[in-house]
Amino acid sequence: MKPVIALVGRPNVGKSTLFNQLTKSRDALVADLPGLTRDRKYGDACIENKSFIVIDTGGIGESDLGIDAPMAEQSQQAIMEADIVLFLVDARAGLMPADVQIADQLRMRGKPIHLIVNKIDGLQEEVGMAEFHRLGLGETHAIAASHGRGVTLMMERILAEFPEDEPFEEDPEGGIRIAIIGRPNVGKSTLVNRLLGEERVVVYDMPGTTRDSIYIPFERQGQRYTLIDTAGVRRRGRVDETVEKFSVIKTLQAVKDANVVVMVMDAHESIVDQDLNLLGFVLETGRALVIAINKWDGMTEYEKLTLRNAMQHRFDFIPYVKIHLISAKFGTAVGDLYPSIQRAYESAMIRVPTNRLTTLLEDAVQQHQPPLVGGRRIKLRYCHMGGHNPPLFIIHGNQTESVPAVYKRYLENIFRKILKLSGTPVRIEFKTSE
Ligand code: GDP
Ligand code: GDP
């Protein structure tokens with residue numbers, strides 16, 4: 001499982017800046033699920049082939065920082081969820097009373113802490129760090145988050161004991177890993193039970209549960225699957241409520257660990273920001289996706305028609321994603337999810353030989369030439385695969401840095417169409433080799 005890292009510290013020490021540095025362009029998932037404070041941000045990051053999840057507690061207001069409450073409730077929550085805490089201080093401001101209070105609180109939590117002295121730019125490192133040694137907190141790093149200085153080195157040291165990400169196996173023993181995600185009450189648990197309760201489904205012994213989601217291996221019509229249950233169906237009633245609160249982290253982990261994500265939404269509720277936010281995260285992560293609009297039962301024909309139209313409009317930016325209208329409660333159309341999951345999986349894991357891809361590229365170029373740049377035509381020579389889940393196509397040529405976005409999209413659509421890719425994002429990378 002990916003480590004979870006919380007950023008804490010006074011306002012203005014640079015937590016959000018570091019968060020953005022670590023997560024780069026990636027979408028942050030803002031926790032506004034019930035039971036979670038709006039101000040906690042979750043992001044997905046990767047340094048030197050090690051993925052981790054970052055939580056930013058950037059929203060702490062000054063008012064939260066009274067003498068008795070140096071850390072707001074949400075920071076406490078973030079620390080509880082984290083494996084490692086990065087405690088940021090400001091080298092320019094120097095040691096502040098609130099830093100001392102936060103340090104005292106952190107020590108009581110017993111989590112591994114790293115002291116991060118930020119804004120070291122323009123200062124002598126040793127001088128900038130000196131006064132913070134008084135805090136007596138383990139390992140100390142000096143960085144300039146806004147310049148990215150020292151950040152990679154710091155993360156390498158922090159993540160030293162964690163393993164590198166493993167490449168996706170082509171035929172994992174547990175079969176296709178499916179994550180069932182969605183906001184609370186959309187019907188995830190009902191769907192998990194329905195999928196497992198179906199005829200001809202054989203559920204195997206569950207392996208050890210993690211603090212995160214539960215992995216349930218099963219077999220259906222000769223195909224093995226592992227369901228990643230973020231709703232905690234099999235755990236309900238046995239564990240207290242606090243487990244349910246961790247759903248954002250569970251969701252992030254499950255998405256990263258899945259081959260195919262089934263995102264569940266409620267037909268009776270309009271699509272809210274949180275849904276789109278979650279969807280954005282899944283797409284950014286590159287996972288194959290199937291959408292299930294649940295609670296389709298009991299709707300009038302008129303309601304169904306209206307909904308169909310609204311959805312077509314809403315999801316027109318992902319035309320390659322299959323949308324299913326289901327009723328988990330009554331089992332309607334639930335079985336239809338499997339063929340879509342299967343296709344999405346096969347698309348995500350597709351292997352295509354270099355000569356086939358190169359022919360495909362040549363045909364595409366012949367139909368529609370890339371533009372001239374500075375009087376010279378961009379040349380695209382050959383194409384090979386660079387990865388799976390999602391499929392990555394690497395195209396070699398010259399002046400490839402000038403390929404316009406619209407041409408890249410054109411190629412993506414051709415690849416998608418000819419290779420019959422469904423349900424998965426596709427990535428294209430260009431390499432110049434003169
Ligand atoms: P947060 O409240 O802890 O999330 O702090 P922010 O990330 O919003 O940063 C507060 C201010 O510090 C912003 O104006 C940042 O541009 C600035 N800042 C962040 N990191 C650095 C740094 O490494 N060097 C300098 N000089 N300024 C920084
Ligand atoms: P979760 O929080 O996403 O796991 O949602 P649950 O599976 O616990 O379902 C939340 C509520 O929606 C429960 O009262 C379910 O009975 C109800 N529900 C789930 N699926 C359906 C459905 O297909 N139709 C209807 N009408 N209700 C459903």
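Nothing here was measured: the structure is a model prediction, and the numbers come from that model.

Q: Mind showing me how you'd approach the sheet that holds strand β18 (residues 392-398) here?
A: To summarise the sheet geometry, strands pair through backbone hydrogen bonds and adopt either a parallel or an antiparallel arrangement. Taken in spatial order, the three strands of this open sheet run β17-β18-β19, and their pairing is mixed. In this open sheet, the two strands that pair with only one neighbour each are β17 (379-387) and β19 (427-432). Direction aside, neighbouring strands of the sheet carry axes that sit 25° apart on average. Of the pairings in the sheet, the one linking β17 to β18 comprises seven bridges and is antiparallel in character. If you follow Leu-380 over to β18, its bridge partner there is Gly-397. Against the sheet, helix α12 (residues 354-367) contacts β17 and β18, and its axis sits at roughly 140° relative to β17.

Q: Any chance you could explain the site of ligand 2 here in plain terms?
A: If you check the shell around ligand 2, you find 16 residues, and the closest are Gly-187, Lys-188, Ser-189, Thr-190 and Lys-329. Per-element tally for the shell around ligand 2: the top contributor is helix α6 (residues 188-197), with three residues. Looking at the shell around ligand 2, its residues break down into four nonpolar, eight polar and four charged.

Q: Looking at this structure, I do not really get the site of ligand 1. What am I missing?
A: Among the 16 residues in the neighbourhood of ligand 1, the closest are listed as Gly-14, Lys-15, Ser-16, Thr-17 and Ala-144. A total of three residues in the shell around ligand 1 trace back to one element, the largest contributor, which is helix α1 (residues 15-23). The residue makeup of the shell around ligand 1, split by class, is four nonpolar, nine polar and three charged.

Q: What exactly am I supposed to notice about the pairing of strand β14 (residues 322-325) here?
A: Every other side chain in a regular strand lies on the same face of the sheet, so the side chains alternate between the two faces. Both strand β13 (residues 288-294) and β14 contribute to a ladder of four bridges, which runs parallel. When the sheet's bridge partners are listed, Ile-291 is paired in β14 with Ile-323. Note on the crossover from β13 through helix α10 (residues 301-314) to β14: the handedness is right-handed.

Q: Explain unusual backbone geometry here, please?
A: Leaving glycine aside, a negative phi is the common case for residues, and trans is the common case for peptide bonds. Between Asn-389 and the following residue, Pro-390, the backbone shows a cis peptide bond with an omega angle of 10°. Look at Lys-119: it is not a glycine, yet its phi comes out positive at around 65°. Counting through the fold element by element, Lys-119 comes out in the loop between β6 (113-118) and α4 (125-130). A positive phi is found at Lys-295, a non-glycine position, where the angle reads about 65°. Its location among the elements puts Lys-295 in the loop between β13 and α10. Among the residues examined, Lys-295 registers 22 C-beta atoms within 10 Å and is labelled buried.

Q: Hey, could you run me through the nonpolar core in this one?
A: Nonpolar side chains tend toward joint burial in soluble globular proteins. If you look at the biggest cluster of nonpolar residues, it comprises 90 residues, and the most contacted ones within it are Phe-87, Ile-178, Ile-180, Val-260, Val-261, Val-262 and Met-263. Non-local contacts of Ile-180, meaning those with residues more than four positions away in its chain, are made with Lys-188, Leu-191, Val-192, Leu-227, Ile-228, Asp-229, Thr-230, Ala-231, Val-262 and Val-264. In terms of nonpolar packing, the next biggest core, distinct from the first, is built from 15 residues, Leu-357, Cys-383, Phe-393 and Phe-430 among them.

Q: Explanation requested: helix α3 (residues 97-109) in the structure shown.
A: Note: α-helices contain 3.6 residues per turn, so residues at a spacing of three or four share the same orientation. For α3, built from 13 residues, the straight-helix expectation of 18 Å at 1.5 Å per residue is met to within 8% by its first-to-last C-alpha distance of 19 Å. For α3, the set of buried residues is Asp-99, Ile-102, Ala-103 and Leu-106. Taken down its axis, α3 places every buried residue within 105° of arc, on the same side. Turned more than 90 degrees away from the buried face of α3, the exposed residues are Pro-97, Asp-104 and Met-108. The elements touched by buried residues of α3 are β1 (4-8), β5 (84-90) and β6. Downstream of α3 by a residue or two, Gly-110 has a phi angle that is positive, lying close to 70°.

Q: I'm lost on α6 in this one. Help?
A: Where burial is concerned, most of α6 is hidden: seven out of the 10 residues are buried. Buried-residue contacts for α6 involve β8 (176-181), β11 (223-229), β12 (260-266) and β13.

Q: Hey, could you run me through the environment of Ala-267 in this one?
A: Residue position: Ala-267 is located in the loop between β12 and α9 (273-285). A residue is classified by how many C-beta atoms lie within 10 Å of it, and Ala-267, with 21 of them, is buried. Between the alpha carbons of Ala-267 and Ser-327 there is a distance of 9.6 Å; along the sequence they are 60 residues apart. Ignoring sequence-local partners within four residues, the contact set of Ala-267 consists of Ile-293, Asn-294, Lys-295, Trp-296, Met-299 and Leu-307.

Q: Before we go on, may I ask you to explain the pairing of β18 in this structure?
A: What you see with β18 is a clean split: Phe-393, Ile-395 and Gly-397 sit on the buried side and Leu-392, Ile-394, His-396 and Asn-398 on the side with no burial. Between β17 and β18, which pair antiparallel and follow one another directly, the connecting turn spans four residues, one of which, Asn-389, has a positive phi of 55°. Bridge analysis of β18 against β19 gives six bridges, and the strand direction is parallel. Each bridged residue has a counterpart across the sheet, and for Ile-394 the counterpart in β19 is Glu-429.

Q: How should the environment of Ile-176 be read in this particular structure?
A: Mapped onto the elements of the fold, Ile-176 is located in strand β8. Looking at Ile-176, the number of C-beta atoms within 10 Å reads 23, which means it is buried. Note: C-alpha distance between Ile-176 and Leu-283 (107 residues apart in sequence) is 18 Å. Beyond its immediate stretch of four places on either side in the chain, Ile-176 contacts Tyr-225, Asn-259, Val-260, Ile-341 and Tyr-345.

Q: Would you take a moment to explain the confidence of the model for the protein for this structure?
A: When pLDDT is low, close inspection of the predicted coordinates is not appropriate. Here the protein shows a mean pLDDT of 84. Residues at 70 or above account for 84%. Note that residues 234-246 has pLDDT below 50 and, in this model, 11 contacts with residues that lie over four places away or in other chains. As scored by the predictor, the complex reaches a pTM of 0.76 and an ipTM of 0.77.

The rules behind the values
Residues numbered from 1 in each chain as written. Chains lettered and ligands numbered in written order. Predicted model: local features only at pLDDT ≥ 70, side-chain atom pairs only at ≥ 80, totals over all residues. Pairing = 2+ DSSP bridges. Helix = DSSP H or I, 4+ residues; strand = E, 2+ residues; numbered from the N terminus. Axes fitted to C-alpha atoms, helices over the stretch in contact; angles between N-to-C directions. Contact = placed C-beta atoms within 7 Å. Near = placed C-beta within 6 Å. Nonpolar A, V, L, I, M, F, W, Y, C, P; charged D, E, K, R; others polar. Right-handed = clockwise from strand over helix to strand, strands pointing away. Buried ≥ 20, exposed ≤ 12 C-beta atoms within 10 Å, placed from the backbone. Core = buried A, V, L, I, M, F, W, Y, C linked by C-beta atoms within 7 Å. Expected span 1.5 Å × (residues − 1). Arc of directions from axis to C-beta. pLDDT = per-residue confidence, 0-100.

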